[in-house]
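This is what each chain is made of:
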Amino acid sequence: MATGDADLALIGVFRLLTPNREEVRLPSKKSRAILAMLALAKDGVRSRNWLQSKLWSRSARTEAQANLRRELTVLRAVLAACQLDILEIRRDQLRLRLDRCKVDVLEPHADTSALLEGLDIPDEPEFAAWLRAARSAPTAHFPPDPPPRDRARPDHGEPYTDGRLLLAVSVDTLGGELDIWVTHFAQCIIEHANESGVIRVTLPGVGVSRETPDAILSAIIGRDDQIVHVAVQLAAPLGEVLFATSKRIASPPGSSNTIALALEELTVIAVANVLRAAIDRKICAEGRHYVYRLLAAISGMFSLDVKRVRASRQELHQLRSAALPAGLVNAWLAFYGVWEEDFLDNVDRGPAHIETHTIVRTALTENPSNPLILSLGAYVHAFVLGDLTTSEDLIERAEFVGARGIFYFIAKSQIECARGRLDEALKSALLAERFGRSTSFRYLNLNALCIIESLRGNLDAAISFGFRSLDSEPVGATSHLPSTLRFLAAALAHDGAIAQARDIVNQLDPQRRDALYAPCKALSFDAVRFLEQGFRLL
């Protein structure tokens, strides 16, 4: 085995070892099964559909797809925490890098009769049938000759230093049949931390980490009759409590989806508080200053303070060469173009669209499978570059890699709205609002709901969301978000509140009052007509 390769043992009990001979503890049986089935496939490749048919044979197709995405999100995060670059995840297929992973069952004359001892997955007959066949089949293929080593790969002997914050997570139960919710909570934390782009997670017994965490998240889940109790606490390494909350979730029979969504909402709130603590420098340890600077720049972008918004672009440019996850800074820099289209329209055009196009293309090339980068790229293509076809492709790719973050739902809602699919747009916007209540950019979620409900003809809801968006704008904002003012004014005018609509229009900068449709590139015909008819009434 070449220096730096992983060691995957499938004969007997499943074991995955790092090059330093430390065991990587995967969080579920199905994540182990995925690696095993890839290892025994030709060239280490299997299609997503094939894996879904073996591990979720009794689930509907959409549910099976979602379950596979969730498993892959957690699996990828655990492997990344151990600095193991052995799994390639593509849109239609997965590949285990056999040139970077030694597999015992692929050795000549390997005995397959004891393959994956103890790895039984209840109620999955297709997997059981595959495993029986694999145990009885002779070893018929061996790993291909390894290609030349990638010199850009990091030395596995070095500590993992990509600049992200390290969050140690512990989830316990007070008893009862709650293991499924403990696993779900842990998976959601990993997914949303990973999707933030600047947080990685370590769990007890899962993955390997020699580093001191930047923050510690503890959760306790209990049950009393038909109520699930959850308590969550975020603390600094020295014990200072940064955030604490609790929730009671009604759990009558058949309420598993409600419980799952409520637990996911708590994990999103927890991740948002990790980011807030980093911005406030309560947890930013030495060596994490690039993360602080990135988060501060993003916060400035959403501040609705013209000076801070402009300064954020300069800071992002300076961070392009910083030690941060690939593509992340360029994705946020491209997203800055959205503010040039709306918040800074006719005031400070900034770089030309061709530069934004180049930056977003660079981000997607640097990291083509990151859910946050794909979501931001989709938003930029729709609302800056006016390319809805590419934006839909990117949001679909984000969904394929398991995107569940706030920006995924914001982008998806606006793209669905631009295509006229208002019911789907509303579902995504409501999830963005539910998950984003504790963020500084909540006004964006409410802005989307104002626009969507305006086009659905639900004027009362549109007006309510519009005013709530204005009320949610950050303290210190020097101007309102123009698109909120435009759609709120139009909704009020359609509802007959002409004087109130005129008051809203007067809050627009004089230079912006004639630019009623910005950002216009992704507005549907119905949206343009709604604005035109509303403003004619004024």
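Just so it is clear, the model here is predicted, and its values are computed rather than measured.

Colleague: How should I be thinking about the pattern of salt bridges in this particular structure?
Modeller: Any two side chains of opposite charge can pair, so long as their charged atoms come close to each other. The full count for this structure, using the stated rule, is 27 salt bridges. Between Glu 191 and Arg 70 there is a salt bridge, with its nearest N and O atoms 3.1 Å apart. Of this pair, Glu 191 sits in helix α5 (residues 179-196) while Arg 70 sits in helix α3 (residues 61-81), placing them 121 residues apart in sequence. Like Arg 70, Glu 191 is buried. The partner of Asp 85 in a salt bridge is Arg 100, and the shortest N-O contact between them spans 2.6 Å.

Colleague: For this particular structure, what's the right way to read helix α7 (residues 289-301)?
Modeller: The α-helix winds at 3.6 residues per turn, so residues separated by three or four positions along the chain end up facing the same way. Across its 13 residues, α7 extends 18 Å between first and last C-alpha, which sits within 8% of the 18 Å expected from 1.5 Å per residue. Buried residues of α7: Val 291, Leu 294, Leu 295, Ala 297, Ile 298, Gly 300 and Met 301, and no others. Contacts from the buried residues of α7 go to β7 (165-173), α6 (256-279), α8 (306-318) and α9 (328-341).

Colleague: Is there a simple way to think about helix α11 (residues 371-383) in this case?
Modeller: End to end, α11 covers 18 Å across 13 residues, agreeing with the expected 18 Å (1.5 Å per residue, within 8%). Most of α11 sits out of view: 13 of its 13 residues are buried. Its side-chain oxygen placed 2.9 Å from the backbone nitrogen of Leu 372, Asn 370 serves as the N-cap of α11.

Colleague: Where do I start with unusual backbone geometry in this structure?
Modeller: Most peptide bonds take the trans form, and the phi angle of most residues other than glycine is negative. With a phi close to 50°, Leu 116 is a non-glycine residue in the positive phi region. Along the chain, Leu 116 falls in the loop between β6 (101-103) and α4 (125-136). Judged by relative accessible area, Leu 116 falls into the buried class, the value being 0%.

Colleague: Is there a simple way to think about the environment of Leu 35 in this case?
Modeller: Relative to the assigned elements, Leu 35 resides in helix α1 (residues 29-39). Along the backbone, Leu 35 and Leu 75 are 40 residues apart, and their C-alpha atoms lie at a distance of 9.5 Å.

Colleague: It is not clear to me how the environment of Phe 467 should be interpreted in this structure. Could you clarify?
Modeller: For Phe 467, the position within the fold is in helix α16 (residues 459-471). Since its relative accessible area comes to 28%, Phe 467 is described here as partly exposed. As for Phe 467 and Leu 485, which are separated by 18 residues in sequence, their C-alpha atoms are 9.1 Å apart.

Criteria and cut-off values
Residues numbered from 1 in each chain as written. Predicted model: local features only at pLDDT ≥ 70, side-chain atom pairs only at ≥ 80, totals over all residues. Heavy atoms only, no water. Salt bridge = Lys/Arg side-chain N within 4 Å of Asp/Glu carboxyl O. Helix = DSSP H or I, 4+ residues; strand = E, 2+ residues; numbered from the N terminus. Buried < 20%, exposed > 50% of the residue type's maximum accessible area, 1.4 Å probe, protein only. Expected span 1.5 Å × (residues − 1). Contact = heavy atoms within 4.5 Å. Polar contact = N/O pair within 3.5 Å; in protein donor to acceptor, adjacent residues only side chain to side chain.

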